[in-house]
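Descriptive structure summary
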Amino acid sequence: MSDRGEWPLKRLMTEVVGSGTKSAEDMSRGQAAEAMRRIFASDPDPTTLGAFWLANRWKHNTAEELAAFTDEMCERVEYATPEADPVDCGANYDGKGRSAILGVAAGVVAAGAGTPVVAHSGDRIPTQKQDAYKHVLDELGVATELTPRDSAEMVDETGFGFYYQPAFNPAVADLFDRRDQMGVRTFVNTVETLANPAGASVHLGSFYHLAFAKKVVETFEASEFHDLDRVIMFQGMEGYDDIRPGYTKVADWSADGTFEDYEIETAAYGMDFEEADLHVDSVAADSARLTREVVGGDRTDHWHDAVALNAAFRIYAGGDADSLKTGLDAARAAIDDGSAAAVLDDLRAF
């Protein structure tokens, strides 16, 4: 037995996870935690690591496994907690390629309404390596390559904060080259979104299928590191935390164990159009332009409506509205009275 334990990844492949989609077994929490420690220590041969990641993709990880991976990651995260308690927005780090990223505008509007918001991402993360939060903020002239302490100060000074993965989560950032060689997403793409670098008590995320939202909730419940009060997730576009137009499922969990899932029709909240209406030619540049125009009160079209509803979800998640309708009223008011524009000005000046 090595000083890292009894379960090198090659043995896990042979005896536990590597036998195929139907016959593979799940790892114990201890096995999954040891595997993640070995990955962070660059212990596995690259071929073995790739096989292990692919085997886990085929067999589908349990919440207990994901919690073990997440906790090992969080032990290596540099946390910087602001005085405010923001809503943590953990969108897929590998970005979007067709539709606008609305989360920056929505977060700014929510902050203008009094709900602090935090977003976090890396830079061209595999597998898609597309535009993410960082790239929209870069286009807006907002500082992104900040220390975690600076990110926390950004939250307290402006109401919106951005945490940069290489600064707060270097252990995962160091896996970039190995992930880039995979060609497919791995469980790292899931757990990196759960880092919660601001130590927020509320997590907002998205899903394609409700089963994934339930698994994320179960992961947070099984985590020995996180202690959240609320998780709220909705069906997002391209796996991002931008709500999908139309009939959309919502999952809402509270720390008392209450889990609700329900469906809303976004048209009832002013978002009455198709997903294709949110497609853009250049994701980062167009998203930044639309952010400026919507936040500045220069648009009253479907872009305004989409940003307002996404902001409403953040306000509602943060507990500053007792319903989506109330959150929507607050979001619209923040745009109309200039509060949102003031937040964007403060961000650009930070």
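Everything that follows concerns the structure shown earlier in this document.
All of the points below concern the structure found in this document. Everything quoted here is computed from the prediction, not taken from an experiment. (Residues numbered from 1 in each chain as written. Predicted model: local features only at pLDDT ≥ 70, side-chain atom pairs only at ≥ 80, totals over all residues. Heavy atoms only, no water.)

**Some words on the overall build of the chain**
For clarity, the cut-off: Strands are runs of DSSP state E lasting at least 2 residues, helices are runs of H or I lasting at least 4, and numbering of each runs from the N terminus. Just to be clear, the radius of gyration here is over C-alpha atoms, and the globule rule we use is 2.2 Å times residues to the power 0.38. Per-residue and other accessible areas follow the Shrake-Rupley method at a 1.4 Å probe size, with only the shown protein chains counted as cover for residues. Counting rule for charge: Lys and Arg are taken as positive, Asp and Glu as negative, and neither His nor the chain ends is counted. By convention, the point assigned to a charge is CZ for Arg, NZ for Lys, CD for Glu and CG for Asp.
Helix and strand content of the chain: 16 helices and seven strands. For the chain, the C-alpha radius of gyration of 20 Å lies close to 20 Å, the compact-globule estimate for 350 residues. The C-alpha extent of the chain, read off along each of the three principal axes, is 65 × 40 × 40 Å. Here the chain has roughly 13600 Å² of accessible surface; of this, 43% comes from carbon and sulfur atoms. Each charge sign in the chain was given a centre, from 31 positive and 62 negative side chains, and these centres are 7 Å apart.

**A short note on the packing of aromatic side chains**
Going by this rule: Two aromatic rings, drawn from Phe, Tyr or Trp (for Trp, its six-membered ring), form a pair once their centres lie within 6.5 Å of each other, and the interplanar angle then sorts them: stacked below 30 degrees, edge-to-face above 60, tilted otherwise. Each residue is assigned to one of three classes by its accessible area relative to the maximum for its type, calculated with a 1.4 Å probe on protein chains only: buried under 20%, partly exposed between the two thresholds, exposed over 50%.
With the rule as written, the count across this model stands at six aromatic pairs. Residues phenylalanine 52 and phenylalanine 187 carry aromatic rings whose centres are separated by 6.2 Å and whose planes lie at 90 degrees to one another, so their mutual orientation is edge-to-face. Of the two residues, phenylalanine 52 is situated in helix 3 (residues 46-59) and phenylalanine 187 in helix 11 (residues 187-191); the sequence distance between them amounts to 135 residues. A residue is classified by how much of its surface remains accessible, and phenylalanine 52, at 0% relative accessible area, is buried. Between phenylalanine 69 and phenylalanine 187, the ring centres sit 4.0 Å apart and the planes meet at 15 degrees, which makes this aromatic pair stacked. Taken as a pair, phenylalanine 69 in helix 4 (residues 63-74) and phenylalanine 187 in helix 11 lie far apart in primary sequence, 118 residues in all. When sorted by exposure, phenylalanine 69 lands in the same class as phenylalanine 187, which is buried. Counting every residue linked through ring pairs, the aromatic cluster contains Phe52, Phe69 and Phe187.

**Observations concerning the layout of surface pockets**
The cut-off we apply is this: Grid points spaced at 1 Å and placed over the protein atoms alone form the basis of the search, with a cavity being a set where a 1.4 Å probe fits but cannot get out and a pocket an open set showing protein on both sides within 12 Å along at least five of seven lines. Lining residues have an atom within 4 Å of a point. Grid points are joined across faces, edges and corners, and a volume is the space filled by probe spheres set on the points. Here the term charged refers only to Asp, Glu, Lys and Arg, the term nonpolar to Ala, Val, Leu, Ile, Met, Phe, Trp, Tyr, Cys and Pro, and the term polar to all other amino acids, Gly among them.
Of the volumes computed, that of the largest pocket is approximately 810 Å³. Together, 30 residues line the largest pocket, and Arg57, Arg185, Thr186, Thr190 and Phe212 are the ones closest to its centre. Of all the elements in the fold, those that place two or more residues in the lining of the largest pocket are helix 3, helix 11, strand 4 (202-207) and helix 12 (210-222). When the residues that make up the lining of the largest pocket are grouped by side-chain class, the tally is twelve nonpolar, 14 polar and four charged.

**Regarding the packing of helix 1 (residues 9-17) against helix 2 (residues 29-40)**
The line we're drawing: Angles shown run from 0 to 180 degrees and are taken between the N-to-C directions of axes, each axis being a line fitted to C-alpha atoms and, for helices, limited to the stretch in contact. Working rule for contacts: check all heavy atoms of both residues, and any pair within 4.5 Å makes them a contact.
At their nearest, the axes of helix 1 and helix 2 sit 10 Å apart, and the two run at 145 degrees to each other. Residues Leu9, Leu12 and Val16 of helix 1 form the contact with helix 2, whose participating residues are Gln31, Ala35, Arg38 and Ile39. Looking at the contact of helix 1 with helix 2 residue by residue, the classes come out as five nonpolar, one polar and one charged.

**What to know about the sheet that holds strand 4**
Across a sheet, paired strands are connected by hydrogen bonds in the backbone, their directions being either parallel or antiparallel. The line we're drawing: The pairing criterion is simple: DSSP has to find at least two bridges between the two strands.
Across the sheet, seven strands lie side by side as 3-2-1-4-5-6-7; this open sheet has mixed pairing. Both outer strands of the open sheet, strand 3 (160-164) and strand 7 (259-265), are each paired with one neighbouring strand and no more. Averaged over all neighbouring strand pairs, the angle between strand axes comes to 20 degrees, with direction disregarded. In terms of strand pairing, strand 5 (residues 230-235) meets strand 6 (residues 247-254) through five bridges, oriented antiparallel. Bridge pairing in strand 6 places arginine 230 opposite serine 254. Packing of helix 5 (residues 103-112) onto the sheet brings it into contact with strand 2 (117-121) and strand 3, and relative to strand 3 it is tilted by some 140 degrees.

**Remarks on the nonpolar core**
This is how it is decided: Residues belong to one nonpolar core when they are buried, are Ala, Val, Leu, Ile, Met, Phe, Trp, Tyr or Cys, and are joined through side-chain atoms within 4.5 Å.
Core analysis: the largest hydrophobic core is formed by 65 residues, its most contacted members being Val109 and Phe313. Here this core takes eleven residues from helix 14 (residues 302-317), the largest share from any one element. Excluding residues within four positions of it along the chain, phenylalanine 313 makes contact with Leu204, Ile232, Phe234, Ile243, Val250, Ile264 and Leu324. Counting 40 residues, the second-largest nonpolar core is a separate cluster that includes Val77, Tyr163, Leu175 and Ala195.

**Some remarks on the pattern of salt bridges**
We apply this condition: Only one rule defines a salt bridge in this text: a Lys or Arg side-chain nitrogen within 4 Å of an Asp or Glu carboxyl oxygen.
In the structure shown here, the tally under the stated rule is 26 salt bridges. In this structure, arginine 29 engages glutamate 224 in a salt bridge whose closest nitrogen and oxygen atoms are separated by 3.6 Å. Linking arginine 29 in helix 2 with glutamate 224 in the loop between helix 12 and strand 5, this pair joins segments that are 195 residues apart in sequence. Using a relative accessible area of 19% as the deciding quantity, one classes arginine 29 as buried. Among the ionic pairs, arginine 124 bridges to aspartate 131, the shortest N-O distance being 2.6 Å. For arginine 124, a relative accessible area of 31% translates into the label partly exposed.

**Some thoughts on the environment of leucine 324**
Mapped onto the secondary structure, leucine 324 falls in helix 15 (residues 324-336). Classification of leucine 324 as buried rests on a relative accessible area of 6%. When neighbours within four sequence positions are excluded, leucine 324 is seen to be in contact with Ile264, Tyr269, Ala312, Phe313 and Tyr316.

Any functional reading would require information that these geometric values do not contain.
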